[in-house]
Structures are given as C-alpha cells and as structure tokens.
Amino acid sequence: MAGKLTFTMIKPDAFAEGNSGAILKIIEEAGFAVKAMKLTKLSPAKAGGFYAVHKERPFFNDLVNYMSSGPIVAIVLEKDNAVSDFRKLIGATNPAEAAEGTIRKLYAKSIEANAIHGSDSDENALIEASYFFSELERY
Ligand code: ATP
Ligand code: MG
C-alpha cells in the first residue's frame, strides 16, 4: 500500500528568489499537510550524502555545489499516496519537459536548478526525512 509521507526540499535557487511561500501554497492547496519543516543550509558533505545515489554521474560535483550554495527548506509532507502525487505536482526533472502548472514548470530555471526535490519511493521518503528530522515519531 502506498505510504502517506514524502520528503521535499525547496532548493537554493527557489529559496533565494523568494518563491518558498508561493511553492508552499501550491503544496498545501494540493492537499499535503506539513508535518515538519525547517530552514537549513547543506554542507557539501551533507548534500553529497543526500544525493549519494548519483555520485558516479557526471553532474554530481555541480549538483553538490548547487545544493550547498544557499539555504534550503526541508519539509515532511503527509497525504494519501504522498510520493506519487507529489512527484506529479512537481513535474519532470527537466523543466523543459515538465507539465503545465507543475512547480518545476513554474519555478525551475534548468535541469540542475530545478526548484524542488521530491522523494522517489516510500522507503526513500523515510530515509530522507530522518536525514533532517529526528522527531518524526511525534507526528
Ligand atoms: P530530485 O531527486 O531532486 O527530486 P529527480 O528525482 O527529479 O530530482 P534525479 O535524477 O534524482 O531527479 O536527479 C537529482 C537532481 O540532480 C535533479 O533534481 C537535478 O537537480 C540534478 N540533475 C539531474 N540530472 C541532471 C543533469 N543531466 N544535469 C544536471 N543536473 C542534473
Ligand atoms: Mg531523485
């Protein structure tokens, strides 16, 4: 059965441009409830750990530099079918391929600076949430 939690980050480009409020409004209007949220800044090591699955990819170093270039907003969200519904809401990795109305279509600048993260499985949602929050059992 699909889980109820997913994890997201408003990435450095979107935060720096003042788009966090608009993005959060879209997320809440789509029926997601915020279960935990914080403003933080990733060290290169923490960004590299988060995206460790991509460490052999040619874009890995650029991705780590980008993700540690400024503050991000880390958020745990709850909704039925959370992972899959959230991936639909954010749209394709490359904003040029993202559907109309999706968060990346609206706010991403490039395939790298693409405004927002979304977990890709229930298992990863829990791993990623616990990378940022230790108090999840309270929610
Ligand atoms: P995310 O995991 O951040 O939600 P995603 O699941 O849509 O994104 P992944 O394949 O997991 O996409 O890639 C992780 C991130 O790495 C992307 O969101 C983007 O910032 C960056 N990235 C992915 N592909 C490329 C690429 N070809 N060139 C540059 N950066 C890329
Ligand atoms: Mg991914």
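Preceding this section is the structure that the text describes.
Note that this is a predicted model, so its numbers are computed, not measured.

Engineer: Sorry if this is basic, but what is going on with unusual backbone geometry here?
Structural biologist: The phi angle of most residues is negative, glycine excepted, and most peptide bonds adopt the trans form. A positive phi angle, close to 55°, is found at N81, a residue other than glycine. Here N81 falls in the partly exposed class, since its relative accessible area comes to 32%. The phi torsion at A115 lies on the positive side, around 75°, for a residue other than glycine. Among the structural elements, A115 can be located in the loop between α6 (103-107) and β4 (116-118).

Engineer: Help me understand helix α5 (residues 82-90) in this model?
Structural biologist: One turn of the α-helix equals 3.6 residues, which is why residues spaced by three or four share an orientation. Buried within α5 are the following residues: A82, V83, D85, F86, L89 and I90. On the buried face of α5, the contacting elements are β1 (5-10), α2 (20-29), β3 (72-78), α6, β4 and α7 (122-132).

Engineer: What's the story with the site of ligand 1 in this structure? I'm lost.
Structural biologist: Around ligand 1 there are 13 residues in total, and K11, Y51, T93, E112 and N114 lie nearest to it. Within the side chain of H54, a nitrogen or oxygen atom sits 2.9 Å from an oxygen atom of ligand 1. For ligand 1, whose accessible area on its own is 580 Å², the fraction buried by protein is 81%. The class makeup of the residues in the shell around ligand 1 is four nonpolar, five polar and four charged.

Each value, and the rule that gives it
Residues numbered from 1 in each chain as written. Chains lettered and ligands numbered in written order. Predicted model: local features only at pLDDT ≥ 70, side-chain atom pairs only at ≥ 80, totals over all residues. Heavy atoms only, no water. Buried < 20%, exposed > 50% of the residue type's maximum accessible area, 1.4 Å probe, protein only. Helix = DSSP H or I, 4+ residues; strand = E, 2+ residues; numbered from the N terminus. Contact = heavy atoms within 4.5 Å. Near = heavy atom within 4 Å. Polar contact = N/O pair within 3.5 Å; in protein donor to acceptor, adjacent residues only side chain to side chain. Areas by Shrake-Rupley, 256 points an atom, 1.4 Å probe, with all protein chains shown as cover. Nonpolar A, V, L, I, M, F, W, Y, C, P; charged D, E, K, R; others polar.

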